[in-house]
Amino acid sequence: QFPFGRRLPCDIYWHGVSFHDNNIFSGQVNKFPGMMETVRKITLSRAMRTMQDLFPLEYNFYPRSWILPEELPLFVSEFRRMKDSDPSWKPTFIVKPDGGCQGDGIYLIKDPSDIRLTGSIQSRPAVVQEYICKPLLVDKLKFDIRLYVLLKSLEPLEIYIAKDGLSRFCTEPYQEPTLKNLHQVFMHLTNYSLNIHSGNFIHSDSVNTGSKRTFSSILCRLSSRGADVKKLWSDIISLVIKTIIALTPELKVYYQSDIPAGKPGPTCFQILGFDILLMKNLKPMLLEVNANPSMRIEHEQELSPGVFENVPSPVDEEVKVAVIRDTLRLVDPQKKKRKDTHIYFSCYFSSCSRRTCLNDSIQFSPSQSNPCVVALCRCRSLEQVREASEELPDAGLLARSEPDVHRSAEAALPSLCLKQVFPKYAKQFSYLRLVDRVAALFIRFLGVKGTTKLGPTGFRTFIRNCKLSNSNFSMAAVDILYIDITRRWNSMGIDHKESGMCLQAFVEAFFCLAQRKYKSLPLHEQVSSLIELCECRLAALRGKRLVCPRE
Ligand code: ADP
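Residues numbered from 1 in each chain as written. Predicted model: local features only at pLDDT ≥ 70, side-chain atom pairs only at ≥ 80, totals over all residues. Heavy atoms only, no water.

Looking at an unreviewed UniProt entry, one finds the chain named TTL11 polyglutamylase, with Malurus elegans as its source organism.

Structure (structure tokens):
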């Protein structure tokens with residue numbers, strides 16, 4: 001769909017699925033390299049586990065999880081230990097295949113022996129997770145929240161959260177899990193794609209009824225029942241910031257590999273879908289992060305048996321259009337270079353039917369909320385819009401704008417629904433960014449540009465430059481540490497393309513070194529002390545005179 005005949009580079013590239021352009025040297029791309037891999041169920045669980053090891057209280061919004069098959073023995077032994085210490089404990093677990101979506105292959109279990117290890121899609125690598133048995137119910141139904149989050153920049157970190165989201169409802173009244181109801185997906189799984197097939201599914205014709213509602217309508221209801229909605233929002237903001245802090249180290253490794261520093265390349269931004277479950281006590285729990293949240297604003301309706309039609313979905317439109325409109329406003333290059341009079345959009349919204357979108361947009365005024373309107377309304381006249389859309393009937397649009405028209409169009413748009421939360425609240429959360437600093441050390445020693453794994457020589461250089469070996473920890477011991485950890489991570493890794501030590505393996509090695517050196521401290525202090533020592537010794541190597549912390 002890339003606009004054929006495009007001669008000038010675009011300011012904004014809008015991809016449907018993932019970052020995959022090696023020949024973009026400027027502008028902004030709506031996907032980060034490696035985002036899909038980073039938010040997969042297993043990778044996300046690993047990143048959250050690392051943060052839970054460092055900051056158990058701060059990261060208790062993510063259910064305890066184990067990775068299958070490699071952590072099955074650990075899961076079984078922890079299950080037994082808990083059961084022995086409290087025989088009345090009757091937990092439920094949810095098993096989710098890695099890389100699955102829309103509830104695919106998910107099932108609930110009461111006992112580790114119920115895990116299906118062979119013979120089906122459910123036997124793929126998976127995450128087994130504590131099931132949240134007491135969710136908040138509305139109209140006796142379980143629901144979850146889909147919140148849209150814009151990661152506007154990785155370095156410096158900039159995060160925006162949409163003021164409204166979607167609440168997706170189950171279609172059978174909820175009961176706590178028992179052996180009898182474990183299999184009832186319409187009771188336990190909130191996925192729209194599953195519940196749409198239930199006879200009880202109600203297509204919402206307003207934002208506060210039916211099986212998909214706006215989150216703000218739920219908040220109104222909670223507020224009228226006396227719930228502390230302000231605290232709930234602040235907990236949600238904190239959950240989002242902490243989750244992104246857990247993801248950034250891995251993303252930075254991918255970023256430097258695809259877009260090496262010092263070479264011309266685009267910058268990236270991405271809209272993420274956060275799936276959150278509220279517990280009965282209103283504590284938000286993270287279920288997962290979606291790299292490609294659906295931006296559909298219509299749904300299929302069966303008019304007569306076998307005859308389907310796409311009809312607008314007011315709830316989706318209310319929430320999603322504002323997210324895309326504001327994303328485009330926030331990444332608007334015109335904001336940075338006011339002198340520049342031309343804006344080129346190559347926009348292809350994967351989830352909207354472009355032809356309809358363009359035709360409809362021509363009749364829209366700039367204030368109306370249609371994702372393409374933002375781009376279209378920058379055109380000098382409707383005539384120009386028509387020309388642009390005729391030139392590229394199916395490939396999105398390429399539009400020119402004049403700054404005065406742009407300004408008046410901007411003024412006519414509704415106020416921003418995306419609110420900045422980082423760096424706004426950076427002070428409260430910066431102490432959590434330890435793994436980010438470990439990742440910076442890792443990237444520094446990667447050596448060859450374009451790689452994501454550290455070779456043995458890179459690891460040795462890291463140890464030497466940071467002066468971490470001594471008579472108690474010889475270079476031979478360093479090599480053994482490298483080989484042991486790397487081999488283990490590579491044996492369970494998904495990515496076998498490159499050999500060497502991946503970031504998570506380096507983080508594990510770093511934690512080992514920190515534990516050896518600063519035995520008596522809690523883990524996060526051990527790690528932060530070692531980071532400071534390494535940063536200081538590397539700065540000294542570069543000739544800067546700093547006072548290093550004592551060993
Ligand atoms: P998918 O990507 O397949 O949608 P999710 O992790 O979102 O996988 O899980 C699907 C659904 O299962 C969620 O929307 C939610 O309703 C339910 N669910 C997932 N994890 C839990 C959990 N730990 N506790 C309770 N319900 C859960």
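Novice: Whenever I open this one, the sheet that holds strand 6 (residues 126-130) confuses me. Can you help?
Specialist: What holds strands together in a sheet is hydrogen bonding between their backbones, with the strands either parallel or antiparallel. Read from one edge of the open sheet, four strands run 3-6-4-5, paired in antiparallel fashion. Two strands in the sheet have a free side with no partner beyond their single neighbour: strand 3 (65-68) and strand 5 (107-109). Ignoring which end each strand starts from, the neighbouring axes of this sheet average 25° apart. Of the pairings in the sheet, the one linking strand 3 to strand 6 comprises four bridges and is antiparallel in character. For Trp66, the partnering residue across the bridge sits in strand 6 and is Val128. (Pairing = 2+ DSSP bridges. Helix = DSSP H or I, 4+ residues; strand = E, 2+ residues; numbered from the N terminus. Axes fitted to C-alpha atoms, helices over the stretch in contact; angles between N-to-C directions.)

Novice: Sorry if this is basic, but what is going on with the site of the ligand here?
Specialist: The local shell around the ligand holds 24 residues, among which Lys96, Gly103, Thr190, Asn191 and Glu288 are the closest. At 3.0 Å, a backbone N or O of Glu130 approaches a nitrogen atom of the ligand. Asn191 places a polar side-chain atom, nitrogen or oxygen, 2.7 Å from an oxygen atom of the ligand. Compared with its free state, where it exposes 540 Å², the ligand has 98% of that area covered by protein. Breaking the shell around the ligand down by element, the ones donating at least two residues are strand 4 (93-97), strand 6, strand 8 (141-153), strand 13 (270-278) and strand 14 (284-290). Taken together, the residues of the shell around the ligand sort by class into nine nonpolar, seven polar and eight charged. (Near = heavy atom within 4 Å. Polar contact = N/O pair within 3.5 Å; in protein donor to acceptor, adjacent residues only side chain to side chain. Areas by Shrake-Rupley, 256 points an atom, 1.4 Å probe, with all protein chains shown as cover. Nonpolar A, V, L, I, M, F, W, Y, C, P; charged D, E, K, R; others polar.)

Novice: Got a minute to help me understand the side chain of Gln270 in this structure?
Specialist: In this fold, Gln270 is placed in strand 13. The class of Gln270 is buried, set by a relative accessible area of 1%. Reaching out from Gln270, the side chain makes a polar contact with the backbone nitrogen of Phe32 at a distance of 2.7 Å. In this structure the side chain of Gln270 is engaged in a polar contact, spanning 3.0 Å, whose partner is the backbone oxygen of Ala291. When near neighbours in sequence (up to four residues on either side) are disregarded, Gln270 contacts Asn30, Lys31, Phe32, Met35, Val149, Leu150, Leu151 and Ala291. (Buried < 20%, exposed > 50% of the residue type's maximum accessible area, 1.4 Å probe, protein only. Contact = heavy atoms within 4.5 Å.)

Novice: I would appreciate a short explanation of helix 18 (residues 503-517) in the present structure.
Specialist: In an α-helix, one full turn covers 3.6 residues, which means residues spaced three or four apart are oriented alike. For helix 18, which comprises 15 residues, the first-to-last C-alpha distance of 21 Å matches the rise-based estimate of 21 Å (1.5 Å per residue) to within 8%. Those residues of helix 18 that sit buried are Leu503, Gln504, Ala505, Phe506, Val507, Ala509, Phe510, Phe511, Leu513 and Ala514. Buried residues along helix 18 sit in contact with helix 2 (41-54), helix 7 (229-258), helix 15 (434-444), helix 16 (456-465), helix 17 (475-492) and helix 19 (523-541). (Expected span 1.5 Å × (residues − 1).)

Novice: What am I meant to see in helix 6 (residues 215-224) here?
Specialist: Among the residues making up helix 6, those that are buried are Phe215, Ser217, Ile218, Leu219 and Leu222. Downstream of helix 6 by one or two residues, Gly226 has phi in the positive range, about 95°.

Novice: It is not clear to me how the packing of helix 6 against helix 7 should be interpreted in this structure. Could you clarify?
Specialist: For the pair helix 6 and helix 7, the least separation of the axes is 10 Å and the interaxial angle reads 140°. In terms of their interaxial angle, helix 6 and helix 7 are classed as oblique. Side by side, helix 6 and helix 7 meet where Phe215, Leu219, Leu222 and Ser223 of the first sit next to Val229, Leu232, Trp233 and Ile236 of the second. Its residues assigned to classes, the contact of helix 6 with helix 7 shows seven nonpolar, one polar and no charged. (Parallel < 35°, antiparallel > 145°, perpendicular 65-115°, else oblique.)

Novice: I'm lost on unusual backbone geometry in this one. Help?
Specialist: Excluding glycine, a negative phi dihedral is what most residues carry, and trans is how most peptide bonds are arranged. A cis geometry characterises the amide bond from Leu68 onward to Pro69, with omega recorded as 5°. In this structure, Asp139 is a non-glycine residue whose phi angle is positive, near 55°. Summarising the element assignment, Asp139 is placed in the loop between strand 7 (137-138) and strand 8. On the basis of relative accessible area, Asp139 is assigned to the partly exposed category, the value being 41%. A positive phi angle is found at Lys140, which is not glycine, with a value near 65°.

Novice: Any chance you could explain the pairing of strand 4 here in plain terms?
Specialist: Every other side chain in a regular strand lies on the same face of the sheet, so the side chains alternate between the two faces. Where burial is concerned, most of strand 4 is hidden: five out of the five residues are buried. A two-sided burial pattern is seen for strand 4, the buried positions comprising Phe93, Val95 and Pro97 on one face and Ile94 and Lys96 on the other. Of the pairings in the sheet, the one linking strand 4 to strand 6 comprises five bridges and is antiparallel in character. Its bridge partner lying in strand 6, Ile94 is registered against Gln129.

Novice: Please explain the packing of helix 16 against helix 17 as it appears in this structure.
Specialist: Two measures define how a pair of helices packs: the angle their axes make with one another and the distance between the axes. Put simply, helix 16 and helix 17 touch, their axes get as near as 10 Å, and they point 130° apart. By the angle between their axes, helix 16 is oblique relative to helix 17. The way helix 16 lies across helix 17 gives a crossing that is right-handed. Of the residues in helix 17, those in contact with Pro456, Phe459, Arg460, Ile463 and Arg464 of helix 16 are Met475, Val478, Asp479, Leu481 and Tyr482. Considering only residue class, the contact of helix 16 with helix 17 consists of seven nonpolar, no polar and three charged. (Left-handed = near helix turned anticlockwise from the far one by under 90°.)

Novice: Looking at this structure, I do not really get the nonpolar core. What am I missing?
Specialist: Considering soluble globular proteins, one finds that nonpolar side chains tend to be buried as a cluster. In this structure, Ile159, Phe274, Phe459, Phe462, Phe506, Phe510 and Val527 are the most contacted members of the largest nonpolar core, which totals 103 residues. If you tally residues by element for this core, the top one is helix 7, at 15 residues. Apart from residues no more than four positions distant in its own chain, Phe506 is found in contact with Val438, Leu441, Phe442, Leu454, Phe459, Phe462 and Met501. By size, the runner-up hydrophobic cluster in this structure holds 20 residues, among which are Ala322, Val323, Leu330 and Leu418. (Core = buried A, V, L, I, M, F, W, Y, C linked by side-chain atoms within 4.5 Å.)

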